[in-house]
Amino acid sequence: MNWIKKHKLGMIVLIITIILLILIAFTAQGRERLSKGESFVSRAVVPVQKTLYSITYHIKNFFGSITEVSSLRDTNEKLQKEIIELKKNQVELETLKSENERLKKLLNFQKKNSQYNYITAEIVSIDPEVWFDVFIIDKGFSDGIQKNMPICVEEGLVGKVIEVGENTSKILAISDTGNMVNGEIARTGDYIRIQGNGNSTLEGYVDPDVQLIPGDMIITSGLGNVFPENLIIGEVKSIEKQPGMLEKKVNIVPAVDLKQLKEVLILKKK
């Protein structure tokens, strides 16, 4: 009510203007020219018409903008969902590609080393107390797994079975301090005793007169009847002469990256 009282004069002018416009429209029908009075009124109301048109135009644009914003929001949400779905599909494809490459390597190893029978197993967990030194695989005695069976991948030796359950088994990696492997230097054939140091690396010990250099490859010797011969163990990184010790210490980088293992092969004698 206060607003009406405050703008009473303006409203009266607006109403009169609208009435005059209507009258002009009716009286002008059938005539080519307006009368002087009609022309005067017409010129007088032009500013009002402009104002009304401007208000109507902006109101229309305002509500049109609201509609466009709502439409853009819906489109953005749809695109975000599509992006999330595409990322999920990309991850799945990359995972399948990686798995396919790993399995292909295992198959190639089996073809090149047909002197053994193989059981393919998947690593399902690791022992948190001995990080990456003890693994659990999804095969057990129901699959023909036995204690001390050697474990490998295409790159080389992984370890051996130390415990067997019905459907799972525990694997001790060669990097564990409790694992000892009889090896030899591929270039010279000299014997080297290897054990893990619990730090995902290996230590070897050789007689003082054995000649080896960084880069020499170390393989299994076959001694001890646990690990078959000629499986790659690793590469010589450095050689140390130990004060007061007869043997030389050899630091070895394992051929297998234990942190990247997903699947392994269990070797069975034919």
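Reading the values: the criteria
- Residues numbered from 1 in each chain as written.
- Predicted model: local features only at pLDDT ≥ 70, side-chain atom pairs only at ≥ 80, totals over all residues.
- Heavy atoms only, no water.
- Phe/Tyr/Trp six-rings, centres within 6.5 Å; stacked < 30°, edge-to-face > 60°.
- Buried < 20%, exposed > 50% of the residue type's maximum accessible area, 1.4 Å probe, protein only.
- Salt bridge = Lys/Arg side-chain N within 4 Å of Asp/Glu carboxyl O.
- Helix = DSSP H or I, 4+ residues; strand = E, 2+ residues; numbered from the N terminus.
- Core = buried A, V, L, I, M, F, W, Y, C linked by side-chain atoms within 4.5 Å.
- Contact = heavy atoms within 4.5 Å.
- Pairing = 2+ DSSP bridges.
- pLDDT = per-residue confidence, 0-100.

Some remarks on the packing of aromatic side chains
In the structure shown here, the tally under the stated rule is one aromatic pair. Between Tyr116 and Tyr118, the aromatic rings sit 6.2 Å apart at their centres with planes inclined by 80 degrees, giving edge-to-face as the arrangement. Residue Tyr116 is classed as buried on the basis of its relative accessible area, which comes to 13%. Under the relative-accessibility criterion, Tyr118 is labelled buried at 16%.

Here's the deal with the pattern of salt bridges
Counted under the stated rule, the structure contains five salt bridges. Two residues, Asp216 and Arg187, come together in a salt bridge whose shortest N-O distance is 2.8 Å. A residue pair is termed long-range when its members are at least 10 positions apart, and Asp216 in the loop between β8 (202-206) and β9 (217-220) and Arg187 in the loop between β6 (180-185) and β7 (191-196) qualify at 29 residues. Judged by relative accessible area, which is 5%, Asp216 ranks as buried. Linking Glu247 and Arg193 is a salt bridge whose minimum nitrogen-to-oxygen distance equals 2.9 Å. Of the two residues, Glu247 is situated in the loop between β10 (232-241) and β11 (248-254) and Arg193 in strand β7; the sequence distance between them amounts to 54 residues.

Here's the deal with the nonpolar core
Core analysis: the largest hydrophobic core is formed by 43 residues, its most contacted members being Phe135, Ile194, Ile218, Ile233, Leu261, Val264 and Ile266. Here the element with the most residues in this core is strand β1 (residues 116-126); it accounts for five residues. Apart from the residues lying within four places of it in its own chain, the contact partners of Ile233 are Leu157, Ile174, Val181, Gly183, Ile194, Leu202, Ile218, Ile219, Thr220, Val253, Pro254 and Ala255.

Here's the deal with the pairing of β8
Buried residues dominate β8, accounting for five of its five residues. Of the two faces of β8, the one lined by Leu202, Gly204 and Val206 and the one lined by Glu203 and Tyr205 are each fully buried. Alignment of β7 against β8, held across four bridges, turns out to be antiparallel. Paired with Gly196 across the bridge in β8 is Leu202. Pairing geometry for β8 and β11, over five bridges, is antiparallel. When the sheet's bridge partners are listed, Val206 is paired in β11 with Lys248.

Regarding the confidence of the model for the chain
Per-residue pLDDT for the chain has a mean of 79; in total, 71% of the residues score no lower than 70. When mean pLDDT is taken per element in the chain, β9 scores highest with 95 and helix α1 (residues 2-6) scores lowest with 54.

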